[in-house]
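Single-letter residue listing:
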Amino acid sequence: MSTALIELEGVNHLNKGKQSPIVVHLCSYWTRKMIFNGKRKLKGSGITICKDLTKERLKILNAAADQHGHRNVWSSDGRIKISIGKGGSKRVHTVERMTDLLKLKALYIIT
């Protein structure tokens, strides 16, 4: 039997009334993928699972969410994905740099 968990560490945040976050290091990409695919089952439980993105990627993710809405933006394997359009004309774009996001903004003339 293989072990999926490499390391578990607490993060000391002084959030009054909230649980401190933990960082989980997994040894398998597939284990991580299974956890993230199943995280919607935790909806309403008060438990959240999120990726630890770099500062730059988090900045891009937040900017994209501000422009396109939080439901249309997510990250997958460190890449920022944006769903643009309605109905059958919806397309998913991958953004890796802030300049990519600016190009999308110009392409779709988002105000």
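Being a predicted model, the structure only gives us computed values, none of them experimental.

Observations concerning the overall build of the chain
And step 1. The helix and strand tally for the chain stands at 3 helices and 5 strands.
And step 2. Here the chain holds 111 residues, and the buried ones make up 20% of them.
And step 3. Sequence-distant contacts, at least 24 apart, represent 25% of the contacts inside the chain between residues at least 6 apart.
And step 4. As displayed, the chain has an accessible area near 9,000 Å², and 55% of this comes from carbon and sulfur atoms.

Re the confidence of the model for the chain
And step 1. Overall, the prediction assigns the chain a mean pLDDT of 80, with 80% of residues at 70 or greater.
And step 2. Looking at the elements of the chain, mean pLDDT is at its lowest for strand E1 (residues 5–10), recorded as 59, and at its highest for helix H2 (residues 55–68), recorded as 92.

With respect to the packing of aromatic side chains
And step 1. What the rule picks out here adds up to 1 aromatic pair.
And step 2. The ring of Phe 36 is capped by Lys 51, whose NZ or CZ atom sits 5.0 Å from the centre of that ring.

Regarding unusual backbone geometry
And step 1. Backbone geometry at Asp 77 places phi at a positive 55 degrees, although glycine is not the residue there.
And step 2. Examined against the element boundaries, Asp 77 turns out to sit in the loop between strand E3 (73–76) and strand E4 (79–84).

As for helix H3 (residues 98–108)
And step 1. The set of residues buried in H3 consists of Asp 100, Leu 101 and Leu 104. The buried residues of H3 occupy an angular sector of 100 degrees when the element is viewed end-on, so they sit on one face. Away from its buried face, by an angle of more than 90 degrees, H3 presents the exposed residues Lys 103 and Ala 106.
And step 2. For H3, the elements touching its buried residues are H2, E4 and strand E5 (91–95).

Rules used in this analysis
Residues numbered from 1 in each chain as written. Predicted model: local features only at pLDDT ≥ 70, side-chain atom pairs only at ≥ 80, totals over all residues. Heavy atoms only, no water. Helix = DSSP H or I, 4+ residues; strand = E, 2+ residues; numbered from the N terminus. Buried < 20%, exposed > 50% of the residue type's maximum accessible area, 1.4 Å probe, protein only. Contact = heavy atoms within 4.5 Å. Areas by Shrake-Rupley, 256 points an atom, 1.4 Å probe, with all protein chains shown as cover. pLDDT = per-residue confidence, 0-100. Phe/Tyr/Trp six-rings, centres within 6.5 Å; stacked < 30°, edge-to-face > 60°. Lys NZ or Arg CZ within 6 Å of the ring centre and 35° of its normal. Arc of directions from axis to C-beta.

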